[in-house]
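Each chain, written out:
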Amino acid sequence: MLLAPDEPRQQANRIEKRSRMKKRQTRWILPCTFALALTACASAQRSTGTSPGPEGRELERLEALFQARADSVTSNVSEADVEFMTGMISHHAQALVMSGLAPTHGASPQMRILTSRIINAQTDEIAFMQAWLRDRQRHVPEVEVDGLTLTIDGGPAPRMHGMLSDAQMQELAAARGVEWDRVFLTYMIQHHEGAVTMVSDLFATDGAANDDIAFKMASDIQVDQRTEIRRMKRMLEEIAGRPEGPSPQDRHPSP
Amino acid sequence: MSDRSLSPTMLKLIRRLGPLALAAGVLVVSACSSSSGSFGAPPSPDPRIGLGAGLFDAEEAIWNLAWVSQSPPPESFVGSTNSDLAFLGDYAIQGNYNGVMFWDISDPARPTIAVEFVCPASQSDVSVYGNLLFVSGEGTSGRLDCGSEGVAEAVSHDRLRGIRIFDITDVQNPEYIANVQTCRGSHTHTVLKHPSDDDNVYIYVSGSSSVRPAEELEGCIAAGDDPSSALFRIEVIRVPLDSPEDAAIVSSPRIFQGLVEPESHGQAPGDIRMVEEARARGDFVSGVGEEARVMSRRFTQPQLLRIMRERGGTGSPTAADSAQLHEELPTLVEQLRGTPDDDVDPDAPRPGPTQCHDITVFPEIGLAAGACGGYGLLLDIRDPENPVRIDAVADANFSYWHSATFNNDGSKVLFTDEWGGGGGPKCRIDDPREWGADAIFTIENSSMVFHEYYKLSAPQTSVENCVAHNGSLIPIPGRDIMIQGWYQGGISLFDWTDPKNPHEIAFHDRGPVNAETQRPGGSWSVYWYNGVIVNSEISRGLDIFELTPSAHMSQNEIDAAKSVHLDYLNAQGQPLFVWPSSFALAGAYVDQLERSGALSENRIAMVRGALDDADGGSRSGLNDLASEVARWAGSSNDSAKVRMLADAVRDLAG
């Protein structure tokens, strides 16, 4: 799995091409016939002629203002925010390595839901933080995951708060079944608590998180991970006294 | 057709293609506007897929709704996030991370800006009551003096995190009269007007961000194990209406204390189907009802081999061995589960989640629904200062309980899951439909019973943030209809009258703000207010739509919805809809009974004829008609609706 900084852009380019193609089709249909247009309307209206609003010139002016303000936000950057985003990318990436073990390590269905969602959520957040850095013309860490090995920009990942040591990661990789669930929950709680600490440290820094997007990102990470910590503590309690239990078939395959 | 009804996209096309396109364009528009018949099936292929990007000129798809107007943000708010909406009289009040704006929507086709009030704070969640406006501040850059320079210091007495209170007696000149500072700021808030207390309103504050240092606000304690911690609670502010400047926190209820519910609720219909199919195949299923689980081969195969060996057999297990395993299964599962761990003290204090994201109060029924981190709560709010938890649900598919909406008779509640916090693209084709969705519950003897999920069906791109967000009921009598915002997934109108079969009946969607990278945008919240649907678009401004008749909704139903008038609306302070007597109301019930087939064609025709005769003519026969209709109730498969029709007809008789 390679999360190169420019991957979202490539993906987006494909989407862009498709929508341009659609636009071309629309243009071609427009001068066509009344009958075609009526058919289109009968199912749902699409794209043209029905949305009232100000004229194009006024909207172009507002769009230019929108762009200028976006540029002004991205040129006014707090170093604490940059450090936070950069560090959190590594932090999140380790969660991907940990969660990626679930399907091959006998995780319970409930754990498969949890780990699938962690992978989905944190992959998106990594892309979001990479885009945040890219927009501000800062270095964008390149994340590479190969089995248990996590590399950031071709070197070892920096150890942020709560991240697992090599020994802890080996312990997780060696566990199976309910034991894997237990070790995973124990270490992911530690890992998440580290993220909560990183956010608290950010908010305690002068000048930090004044950028609305950075504030929202950091707050969302804190609140999501606090919620998930509670959920994991409950799951840990539930399996604490249970021997190797039945393994119902996976009802929620990972996306 | 005036120029105003041409979209920017259209204008660009006209400029490029010249008069030929203009002629064709006129035909397209007139064709669409005249073809307002009923089209039952959802459009296929879904026109929301592949819409072209743009800030103000994105491609759009619309079904069973009509545009009334779209208004870009005023200059002070361009490029800053539009957030939630409140309504007062002719005004739609739109929060923005840069302040608050008042739109005069007395002519919804031409909204005008009445007030642009710059006073930065995220998220600027807004509510109104009487002559008061309340605004939430959570972000660390909000200032007491409404300045735009932010707050550089981590500890500062210039910072506002909490509730700002404005006197808007003179709407043109809002007067900033008070603040109530809170430890975690106010992400959202809810105004509670108790039906029997006309002297005060209450504000439930939900703060989800970091606790402020005690040096900044006295008494704020972040440590979770401190009994005075600012976590694990909500704040209740009392606002005396004759002296709102004296508003203050009166209680900090710990409504989460002792929450022990596991991460589950009843199974979804899909899960139940899967178990039934497994049983039909002869697969091994443990447990019954809600507890039923399909057993994995990893478990059953070794057990079958053991049973075979115990009878001295070799090779493959036989049908008799399977029968034996079916018999032993309950005992085996019991053994495997074991007994609970003695180390876990079941009586140990459990502080529960640290916060709510949002609370919806429904004062007329004395209940509130709290969307609180990992839980959905049902609260008794008859004593506004001391809300009491009466039920809680959790769900392994729900990441983050975000907001709630009751149906009008309080027999159902719908919760949303804002998976990923609203910044993530959670409606891609491979994102599970149970994640980032709505969950529908019935309320039975004060307990919430799960039925089904509802999620926007149209897959969105990876550059469109999309997840369940804010919406409101539409007062269609006799049905539970809701309009909801899904960020860049657009808005979706759906029917959840049958809690097991929520389905979409109208939508609007734009393409992404930017085709290459995710930019903020989409519907923050969309609410019905006095006949129109008002959408707060994060980057594009204020959209207003109206319902159009279709196979899913008749003109009578729309007219009956429009007959409900509100003086103000805070969507999280849910009003009880009461329909005035009207021919549209009776007609709406007739249309529904015809649609469901609960009355025969003859009876439908008879009622319609009688109502038509009475509308504008003599109403003398309506009492007899009402009695006749009431007699049909017993033989109809929807007797409740037939009685509602009888009552509506009797009310018309006067």
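Residues numbered from 1 in each chain as written. Chains lettered and ligands numbered in written order. Predicted model: local features only at pLDDT ≥ 70, side-chain atom pairs only at ≥ 80, totals over all residues.

Draft legend 1. Looking closely at the overall build of chain A. When helices and strands are tallied, chain A shows eight helices and five strands. Along the chain direction, N to C, the helices and strands of chain A fall in the order β-α-α-β-α-α-α-β-β-β-α-α-α. Per-residue burial over chain A gives 45% buried out of 255 residues. Put simply, of all contacts in chain A between residues at least 6 apart along the chain, 78% involve residues at least 24 apart. (Helix = DSSP H or I, 4+ residues; strand = E, 2+ residues; numbered from the N terminus. Buried ≥ 20, exposed ≤ 12 C-beta atoms within 10 Å, placed from the backbone. Contact = placed C-beta atoms within 7 Å.)

Draft legend 2. Quick peek at the pairing of strand β7 (residues 123-129) of chain B. Residue and element names in this part refer to chain B. Across the seven residues of β7, seven count as buried, placing the element largely inside the fold. As paired strands, β7 and strand β8 (residues 132-137) are joined by five bridges and run antiparallel to one another. Paired with Ser-127 across the two strands is Phe-134, which belongs to β8. Hairpin connection from β7 to β8: two residues lie between these consecutive antiparallel strands, with Gly-130 at a positive phi of about 55°. (Pairing = 2+ DSSP bridges.)

Draft legend 3. Representation of unusual backbone geometry in the model. Residues and elements named next belong to chain B. Ser-44 connects to Pro-45 through a cis peptide bond whose omega is 0°. Within the fold, Pro-45 resides in the loop between α2 (19-34) and β1 (60-63). Backbone torsion omega between Ser-122 and Gln-123 reads 0°, so that peptide bond is classified as cis. Within the fold, Gln-123 resides in strand β7. Of note, Phe-232 is a non-glycine position whose phi angle comes to about 60°, a positive value. Within the secondary structure layout, Phe-232 lies in the loop between β12 (200-206) and β13 (235-240). You can call Phe-232 partly exposed: it has 19 C-beta atoms within 10 Å. For Asn-530, which is not a glycine, the phi torsion comes out positive at approximately 45°. Relative to the elements of secondary structure, Asn-530 occurs in the loop between β29 (523-529) and β30 (532-537).

Draft legend 4. Highlighting the sheet that holds strand β22 (residues 412-417) of chain B. All names here are of chain B. As summarised here, the arrangement of the four strands in space is β21-β22-β23-β24, forming an open sheet in which the pairing is antiparallel. Looking at strand neighbours, the two that pair on one side only are β21 (401-406) and β24 (447-454), the edges of this open sheet. Strand-to-strand twist in this sheet, taken as the mean axis angle between neighbours without regard to direction, amounts to 25°. Where strand β23 (residues 438-444) lies against β24, seven bridges are found, and the strand directions are antiparallel. Within the sheet, the bridge partner assigned to Ile-440 lies in β24 and is Glu-452. (Axes fitted to C-alpha atoms, helices over the stretch in contact; angles between N-to-C directions.)

Draft legend 5. The arrangement of the nonpolar core in detail. Counting 156 residues, the largest nonpolar core has Ile93(B), Leu645(B) and Val649(B) as its most contacted members. Each of domain 1 (67-255 + 356-569) and domain 2 (583-653) of chain B gives at least three residues to this core. Leaving out residues up to four positions away in the same chain, Leu645(B) has contacts with Ala586(B), Tyr589(B), Val590(B), Leu593(B) and Val629(B). The next biggest cluster of nonpolar side chains, apart from the first, holds 51 residues, and it includes Met163(A), Leu164(A), Trp180(A) and Ala208(A). (Core = buried A, V, L, I, M, F, W, Y, C linked by C-beta atoms within 7 Å. Domains from an automatic or database assignment.)

Draft legend 6. Examining the pairing of strand β18 (residues 367-372) of chain B more closely. All names here are of chain B. Burial analysis of β18 places six of its six residues in the buried class, the great majority of the element. Both faces of β18 are covered, namely the face carrying Leu-367, Ala-369 and Ala-371 and the face carrying Ala-368, Gly-370 and Cys-372. As paired elements, strand β17 (residues 358-362) and β18 share five bridges and run antiparallel to each other. Looking at the pairing, Thr-360 lines up with Ala-369 of β18. From the end of β17 to the start of β18, which pair antiparallel, there are four residues, and Gly-366 there has a positive phi angle of about 70°. Where β18 and strand β19 (residues 375-380) come together, six bridges link them in antiparallel fashion. Counterpart to Ala-368 in the pairing with β19 is Leu-379. Between the antiparallel neighbours β18 and β19 lie two residues, among them Gly-373 with a positive phi of about 60°.

Draft legend 7. Layout of the domain arrangement of chain B. All names here are of chain B. Domain boundaries assigned for chain B yield domain 1 (67-255 + 356-569) and domain 2 (583-653). Each partner contributes residues to the interface: domain 1 has nine residues there, and domain 2 has nine residues. Residue classes in the side of domain 1 that touches domain 2 are distributed as two nonpolar, four polar and three charged. (Nonpolar A, V, L, I, M, F, W, Y, C, P; charged D, E, K, R; others polar.)

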